Amino acid sequence: MKYIIQLIEVFIIILIITLSVYAYNQVEALNIMKRNASVERQYHVALISDTVDSYGTDQFVQGIQGSLKDFDTVFETYDAQSESVEAIFDMIKLTDVDGVILKLDQNAAAAPWIDQLKSEDIFVVTAGNDAPNTGRDVYVGTNKYNMGRQAAKIALSLTSKQQPDVGIVLGPEYEQGETFSPNNFLGGIYDTVGEVDEGAVAYVGYAKQIRAEIIIDDVLKNYPNIAVVICTDPVDAVRAARVLVDKNKVGVLKIIAGGDTPELDDSLDQGIISATLIEDYQQLGYMSIAYLNQLLNGEEITSYVNIPIEIRLPDAE
Amino acid sequence: MEKFKQLFIYNTLKRKVFTFIIVVLTCFVTGFTFTFYMTSRINNQINDMFTTSIVLDKMMQQMTAFETTLEDYLSTKSSDSLVNYLDIKETLITLNEQLDAVKSDNSTQLQLYDIHLIVEAYLKTADASIDYKRARNTERYLETLATLKDYSSYINTKVTHLETEEFQSNLENYLALTDKMKVIQLTLMIIVVLIIVLSFTFVYSFSTNVTQPIEELSRRADAISRGQYNVKKIHGHHFQEAEVLKTAFYDMAHNINQYINELEGKVETENKLRISETEKLKMQNLLRQAEIMALQSQINPHFLFNTLNAGMQLAYIEGADRTAAFLDHLGKLFRYNIQRLDKLVTLGDEIDNAKNYYALMKVRFGESLHMQFEVDEQACSAGMPPIILQPIIENALIHGFEQKTTEGRIDIAVRRDGDFAVITIEDNGEGMDASTLALLNSGDFHKKPIKTKGHTTGLGLENVYERLRQSFELHDVMRFESEKNCFTRVIIKIPMEA
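What counts as what
- Residues numbered from 1 in each chain as written.
- Chains lettered and ligands numbered in written order.
- Predicted model: local features only at pLDDT ≥ 70, side-chain atom pairs only at ≥ 80, totals over all residues.
- Heavy atoms only, no water.
- Helix = DSSP H or I, 4+ residues; strand = E, 2+ residues; numbered from the N terminus.
- Buried < 20%, exposed > 50% of the residue type's maximum accessible area, 1.4 Å probe, protein only.
- Contact = heavy atoms within 4.5 Å.
- Areas by Shrake-Rupley, 256 points an atom, 1.4 Å probe, with all protein chains shown as cover.
- Buried area = accessible area lost by both parts, 1.4 Å probe.
- Salt bridge = Lys/Arg side-chain N within 4 Å of Asp/Glu carboxyl O.
- Polar contact = N/O pair within 3.5 Å; in protein donor to acceptor, adjacent residues only side chain to side chain.
- Patch = residues over 30% accessible without salt bridge, like charges linked within 9 Å, V, L, I, M, F, W, Y side chains within 5 Å.
- Pairing = 2+ DSSP bridges.
- Axes fitted to C-alpha atoms, helices over the stretch in contact; angles between N-to-C directions.
- Expected span 1.5 Å × (residues − 1).
- Arc of directions from axis to C-beta.

> Would you mind showing me how to read the overall build of chain B here?
Secondary structure assignment for chain B yields 12 helices and 7 strands. The proportion of buried residues among the 498 residues of chain B is 40%. In chain B, the proportion of contacts linking residues at least 24 apart, taken out of those at least 6 apart, comes to 71%. About 28200 Å² of surface is accessible on chain B, with carbon and sulfur atoms providing 57% of the total.

Set out below in structure tokens:
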């Protein structure tokens, strides 16, 4: 009996110690204020974007976040849609920002502010689209014109005599009525389609105004000559694919999508989407910080960094 | 290890109680301190969630007051306004220092870092506006005032942005906290319950350790009171006082046991002594009885010897040789019979006396009695009480040949058997039944009365047997063998060296 009691005592003590360690770890794991685990970094970078909620910017930010540790940098995002660019630049100047990444629809439109930042010795990287006539330090991006041409070539390969036309669904970064540079994505499509005798860009829809499902429905009903729709945004492409599945029109209307979300990959595997053009936004984000870091470290770098696009076809998997 | 044993096992009861209380208290204090510490950490974490918001809220309030005071001073230039301005500025500087502003990869800290820098710029701009006002540079003063407003709006924007982020973050944290708190509370509750259970087991162990030796001792004391002195030892090590009690108790029990054993030994010795004295008295009584009987037959023995000698001489003178021999044998027999019974004689003397007796009885019984002696001379030197064989021969004549019509034979054989002399007296008389034989061999000569009537000596077999037994302290000194209507054999075995 004596030994049983002693055994119980030892067991209880072990149990108490185990539970105490468990409870302590639970409280430590709570770590509500994660600031304690934060690390002070050397460089302070600001991202200015007017498409903060878009898929592309989201991926771009993920790319930046992945680079921060590698380049001893912290970064913050300014939404150019909710704040005036002037105020944003003011705040950047006041907060000892070492470098700025501009990812606006039209970086070239921010030329005066870029020069002002340069006058404050703040490095400027333009991402996605260039501001060539400014004092920006580096452009990191994809050649959108070439990308448009690639998309158009794939689209034309999917057309037929009965359906020679191409449709375009532009993502939320595109505004209806905006004037486009001839060397951007749309310019590439138009130029390529224009090079062939048959076929034309018969429809351009703006997902920012009308949801992609309604656009696709409209195309199916009213544009029987359209064989392919190019969707610049992956979310719109998935929505379009869903309409085709629901209306049993898979194959009747083909979709070429921009982006590489898991949903897109699934749709590609199932043959609902014919091709995806991947502009590697994460790589863009990562490289933006990498080149900015080189600038901050006083290294000589190229002023134009091209990130190649990737085309995925069902057969390619 | 030895020190540990000294402290927890062999210690005094007082120290043991003290140690026990300390251990139990330590258990409780540790448990409750741990619980308090964990609760405190959770509370701190919850407080931390709102600390930044509180500081920022105060800062925004102070900024509003700061701007009002600044405008008041710029418009009135009153010293009160300036004092207020400086006070609020000081407060703002303090609050600004309280911000956890670090250029870190934590977005909240980075926003606080931004706010911190903008607030610094804001305060410098405010000072600049006062300087310009004092310098009557209206254009620059209005410009800096506008910049101040811009900075104020930037701070406001940053704070709003931060609070939105913080709210989201705090909401997530709160939900996570609520979930984990249930588990943590349950764990802490189990820990407290386990500590209570552990304390109970400690109390049980301690109380058992203290009371067990006392209980065991009381059981053994009860056993001793019931006469069981061989107490078993109490196993295990206990506190010092219990060990002292145990040792004292064992010593006491051992001493009592030893004393009682000694008493029992003494009683036994006394009993033996008493029995021995009783036997001695019995022996003396028998001897006295035999002597009385012998004296009864010794009516003036000197007169009888003189008369018998005169008769014998007369018989020789008259030529009656047989009568002279008869009287000679009778005189020897009488002389032998009147000697003291507690003096030892030799076996040879006994044989001679038996032969005298036979010579006399031969005259009486004639050819109907025949006795044969077969004597080993080496055995004749053995000492023995007198008048042993004669009563046995008389007994054979009286009982064995009472109803016998044919010749009565008595064979007396003496031989040496190692350190013993063995005397066998066998008659061919009536013998006896098995029950009588068993009685005689068991030394019981009273169950069946033995007739002594007609004996020369008047001594019975009991007297013979008792004298032999007392003399040699041998129980099997005399035994009987017999077969009804066939024979009776008396075998006497005496040591050669008495």
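> Teacher, can you tell me more about the interface of chain B and chain A here?
Chain B puts 49 residues into the contact, and the matching count from chain A is 42 residues. Here chain B and chain A share an interface that buries about 4000 Å² over both sides, 67% of which is from carbon and sulfur atoms. Of all residues in chain B, Q45, K103 and Y154 of chain B give up the largest surface area on contact with chain A, accounting jointly for 16% of the area buried on that side. For the pair chain B and chain A, the number of links is 2 salt bridges. Across the pair K158 of chain B and E76 of chain A runs a salt bridge whose closest N-O atoms are separated by 2.9 Å. The tally of links from chain B across to chain A stands at 10 residue pairs in polar contact (both at pLDDT 80 or more). Looking at the side of chain B that touches chain A, the elements with two or more residues in it are helix 2 (13–76), helix 4 (107–134) and helix 5 (138–225) of chain B.

> Explain unusual backbone geometry here, please?
A negative phi holds for most residues other than glycine; trans holds for most peptide bonds. Residue and element names in this part refer to chain B. You will see that R136, though not glycine, has its phi angle at about 55 degrees, which is positive. Relative to the assigned elements, R136 resides in the loop between helix 4 and helix 5. Judged by relative accessible area, which is 70%, R136 ranks as exposed. For I387, which is not a glycine, the phi torsion comes out positive at approximately 55 degrees. Looking at where I387 falls in the secondary structure, it is placed in the loop between strand 3 (383–384) and helix 10 (389–400).

> Can you walk me through a nonpolar patch on the surface in this structure?
Residues and elements named next belong to chain B. Residues V17, I21, L25 and V29 make up a contiguous nonpolar surface patch of about 320 Å² in total accessible area. Position of L25 relative to the elements: it lies in helix 2. Overall, L25 belongs to the partly exposed group, its relative accessible area being 47%.

> I keep staring at the sheet that holds strand 6 (residues 165–170) of chain A and nothing clicks. Help me out?
Residue and element names in this part refer to chain A. Spatially, 7-6-8-9-10-12 is the arrangement adopted by the 6 strands of the open sheet, whose pairing is mixed. Among the strands making up the open sheet, the edge pair consists of strand 7 (201–206) and strand 12 (310–312). Pairwise comparison of adjacent strand axes, ignoring direction, gives a mean angle of 15 degrees for this sheet. Sheet topology note: the strand 6/strand 7 ladder contains 5 bridges and is parallel. Residue pairing for strand 7: L170 is matched across the bridge by Y206. Where helix 5 (residues 144–158) meets the sheet, it contacts strand 6, strand 8 (226–231), strand 9 (254–258), strand 10 (275–278) and strand 12, and its direction lies at approximately 155 degrees from that of strand 8. Strands strand 9, strand 10 and strand 12 of the sheet are contacted by helix 9 (residues 262–270), whose axis makes an angle of about 145 degrees with strand 10.

> Can you help me understand the pattern of salt bridges in this one?
Two side chains that carry opposite charge are able to pair once their charged atoms sit near each other. Residue and element names in this part refer to chain B. Counted by the stated rule, this structure contains 29 salt bridges over all chains. Measuring nitrogen to oxygen at the nearest pair gives 3.1 Å for the salt bridge that ties R226 to D222. The residue E481 makes a salt bridge to R479 at a minimum N-O spacing of 2.7 Å. On the accessibility criterion, E481 (24% relative accessible area) is partly exposed. Taken together, the shared-partner salt bridges in this structure form one network comprising E426, R479, E481 and R489.

> When you look at the environment of F445 of chain B in this model, what are you seeing that I'm missing?
Along the chain, the position of F445 of chain B falls in the loop between helix 11 (434–441) and helix 12 (461–472). As for F445 of chain B and N463 of chain B, which are separated by 18 residues in sequence, their C-alpha atoms are 9.3 Å apart.

> How do you make sense of helix 9 (residues 347–365) of chain B when you look at a structure like this?
Owing to its 3.6 residues per turn, the α-helix brings residues three or four apart onto one side. In this model, helix 9 of chain B (19 residues) spans 26 Å end to end at C-alpha, consistent with the 27 Å of a helix rising 1.5 Å per residue. At the exit of helix 9 of chain B stands G366 of chain B, carrying a positive phi of roughly 65 degrees.

> Help me understand helix 9 of chain A in this model?
All names here are of chain A. Residues L264, S267 and L268 constitute the buried set of helix 9. Seen end-on, helix 9 carries its buried residues on one side only, within an arc spanning 105 degrees. Helix 9 presents P262, D269 and Q270 as exposed residues on the side facing more than 90 degrees away from its buried surface. Summarising the contacts, the buried residues of helix 9 are in contact with helix 8 (234–246), strand 9, strand 10 and strand 12. One or two steps after helix 9, the chain reaches G271, where phi turns positive at roughly 80 degrees.

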